[in-house]
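Each chain, letter by letter, is given below.
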Amino acid sequence: MDFQPIERAADAFQRPVSPDRIQAVCRRVFGRDARSAVELGLGAYNSTYRVTVEGRARPVVVRFAPEPAAQFGSERELMRNEYATVPYLAVIAPLMPRVIAADWSHELIGRDYLVQTFLDGVPAPEGLGDYPRAARTTFFRQLGEIARGVHAVRGPAFGPVAGGGHVSWSAAVLASLEDIAADLDRCALDAADVREAAALAAERCAVLDEITEPRLLAGDLWTVNVMIARGAPEPLITGVLDLDRTSWGDPAADWTIRMASARRDERVAFWDAYGEPDPGPAATWRSLIYEVRHLGAVRLERHRLGNHDGVRHSYEAVAKVLSELT
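Our subject in this report is the structure included herewith.

The rules behind these values
- The written sequence of each chain sets the order in which its residues are numbered from 1.
- Only residues with pLDDT of at least 70 are given local features in this predicted model, and only at 80 or more are side-chain atom pairs given and counted; all residues enter the totals for whole chains, interfaces and linings.
- Excluded from the side-chain calculations are hydrogens and water; all other atoms, namely the structure's heavy atoms, are used.
- Definitions used throughout: a 1 Å grid over protein atoms alone; a cavity as a set of points that fits a 1.4 Å probe which cannot get out; a pocket as an open set with protein on both sides within 12 Å along at least five of seven lines; a lining residue as one with an atom within 4 Å of a point.
- Grid points are joined across faces, edges and corners, and a volume is the space filled by probe spheres set on the points.
- Numbering of helices and strands starts at the N terminus; helices are DSSP runs of H or I of at least 4 residues and strands are runs of E of at least 2.
- Each residue is assigned to one of three groups, with Ala, Val, Leu, Ile, Met, Phe, Trp, Tyr, Cys and Pro labelled nonpolar, Asp, Glu, Lys and Arg labelled charged, and all others, Gly among them, labelled polar.
- Just to be clear on terms, a salt bridge is a Lys or Arg side-chain nitrogen sitting within 4 Å of an Asp or Glu carboxyl oxygen.
- Relative accessibility thresholds used throughout: buried, under 20% of the residue-type maximum; exposed, over 50%; partly exposed, between the two (1.4 Å probe, protein chains only).
- Two strands are said to pair when DSSP picks up at least two bridges between them.
- Whether two residues are in contact is decided by their heavy atoms, any of which lying within 4.5 Å being enough.
- Think of each axis as a best-fit line through the C-alpha atoms, taken over the contacting stretch in the case of a helix, with angles from 0 to 180 degrees between the N-to-C directions.
- Side-chain rings of Phe, Tyr and Trp, where Trp is taken by its six-membered ring, are said to pair if the distance between their centres is within 6.5 Å; with planes under 30 degrees apart they count as stacked, over 60 as edge-to-face, and otherwise as tilted.

### A few points about the layout of surface pockets
Link 1 in the chain: Its volume calculated, the second largest pocket comes out at about 640 Å³.
Link 2 in the chain: Contributing elements (two or more residues each) for the lining of the second largest pocket: helix H8 (255-260), helix H9 (269-274) and helix H10 (281-304).
Link 3 in the chain: Among the elements that make up the lining of the second largest pocket, the one with the highest residue count is H10 (seven residues).
Link 4 in the chain: Residue classes in the lining of the second largest pocket are distributed as twelve nonpolar, five polar and eight charged.

### Some details on the pattern of salt bridges
Should the charged atoms of two oppositely charged side chains come close, the side chains can pair.
Link 1 in the chain: Using the criterion set out here, one finds 29 salt bridges in the structure.
Link 2 in the chain: With a closest N to O distance of 2.5 Å, aspartate 33 and arginine 27 form a salt bridge.
Link 3 in the chain: Classification of aspartate 33 by relative accessible area gives partly exposed; the value is 33%.
Link 4 in the chain: Among the salt bridges present, the one from glutamate 54 reaches arginine 35, with a minimum N-O distance of 3.9 Å. Here glutamate 54, found in the loop between strand S3 (47-53) and strand S4 (60-64), pairs with arginine 35, found in strand S2 (residues 34-40); they are 19 residues apart in sequence, far enough to count as distant.
Link 5 in the chain: The class of arginine 35 is partly exposed, set by a relative accessible area of 40%.
Link 6 in the chain: By sharing partners, the salt bridges in this structure join Glu75, Arg245, Glu301 and Arg304 into a single network.

### Some details on the sheet that holds strand S10 (residues 226-228)
Link 1 in the chain: Taken in spatial order, the three strands of this open sheet run S7-S10-S11, and their pairing is antiparallel. Two strands close off the open sheet at either side, each with one partner strand: strand S7 (122-123) and strand S11 (237-240).
Link 2 in the chain: Relative to S11, S10 runs antiparallel, the two sharing three bridges. Of the residues in S11, the one forming a bridge with valine 226 is valine 240.
Link 3 in the chain: Here helix H4 (residues 137-151) sits on the sheet in contact with S10 and S11, set at roughly 45 degrees to S11.

### Focus: the sheet that holds strand S9 (residues 215-217)
Link 1 in the chain: One open sheet holds the three strands; their spatial order is S8-S12-S9, and the pairing between them is antiparallel. Two strands lie at the open edges of the sheet, namely strand S8 (159-160) and S9, each paired on one side alone.
Link 2 in the chain: In this structure, S9 lies alongside strand S12 (residues 247-249), joined through three bridges in antiparallel fashion. Directly across from leucine 217, in S12, lies its bridge partner serine 247.

### What to know about the pairing of S3
Link 1 in the chain: Among the seven residues in S3, six count as buried, and that is most of the element.
Link 2 in the chain: Pairing geometry for S2 and S3, over six bridges, is antiparallel. Counterpart to leucine 40 in the pairing with S3 is threonine 48.
Link 3 in the chain: Taking the residues between adjacent antiparallel strands as the criterion, S2 and S3 are bridged by six residues.
Link 4 in the chain: As defined by bridge partners, S3 adjoins S4 across five bridges and the pair is classed as antiparallel. Residue pairing across strands places serine 47 opposite phenylalanine 64, the latter belonging to S4.

### A few points about the packing of aromatic side chains
Link 1 in the chain: Evaluated as defined, the whole model comprises 14 aromatic pairs.
Link 2 in the chain: Between the aromatic rings of tryptophan 222 and phenylalanine 270, the centroid separation amounts to 6.5 Å while the plane-to-plane angle is 55 degrees, which identifies the pairing as tilted. In this pair, tryptophan 222 is assigned in the loop between S9 and S10 and phenylalanine 270 in helix H9, connecting sequence segments 48 residues apart. Here the two residues tryptophan 222 and phenylalanine 270 agree in accessibility, since each one is buried.
Link 3 in the chain: With a centroid separation of 5.4 Å and 20 degrees between ring planes, the pair formed by phenylalanine 270 and tyrosine 274 is classed as stacked. Of this pair, phenylalanine 270 and tyrosine 274 both sit in helix H9, four residues apart, which is roughly one turn of that helix. The pair phenylalanine 270 / tyrosine 274 is uniform in exposure class, with both members buried.

Treat this as a map of the structure, not an account of what it does.
Next up, the structure:
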């Protein structure tokens, strides 16, 4: 088998998968050998390979989750969460890879893995640069349509799709903040600012509980998880992938809304399709709590990637948000 891994430091978070394990997966799922496996490097969490299999015209994608011991509590079993979300994502089914097989048994390798169809196109972070900024409004307008469709899906409870659920939105938010704080403790990072935000959220839980209907949040829907058509006259979204951080909650808490709100550039076209956000004081206060939650998760990721300057900057960013909350 032609095997092309990405060379990583010995202590890197993303751990390689050996060629014999990839062969074992292909024999289990397809009853055939793999001819090649090329590691894909866009993501920073799972280990992902484009694999060609004997007798199949098109390649497949095999994604391996991190070893259970390496996963943060706030990111526990994300791949299983993604798999549990598939039945709720019919609204964007034509854009998503199809699951061929899922294996949580750890019989072949001590990690969860998914085998999925391969999406054609170009990763948006690579392809968008081929278009002038004025043309990119088309892309963000499509992203707004996709987010609106996902957020229209109603769920049974608040919290991660595969996580059992909370009866109130405030309980889900507080549990999420505490999970992040506990992970920061585990990494020997100061979590006092995240816990301060949690205390403020608990004091005003009634404002959070104005959100009474759980809606589906994509969790990580932005350019990095979107494919666009190759060589199209304007950017056309052809695929959406890696929706493993899905949850039920307030659509305003979604990472997509945070990123769409971050700058007043071509991304303002997102709101043309999605609809303008709620400008009221309660929604504004909730958005500050959500921002601390986002920044806490970003801090953990930066720590995992060895980005020490980024970790330090996250404390400055949270301090600024806390000054607006108090």
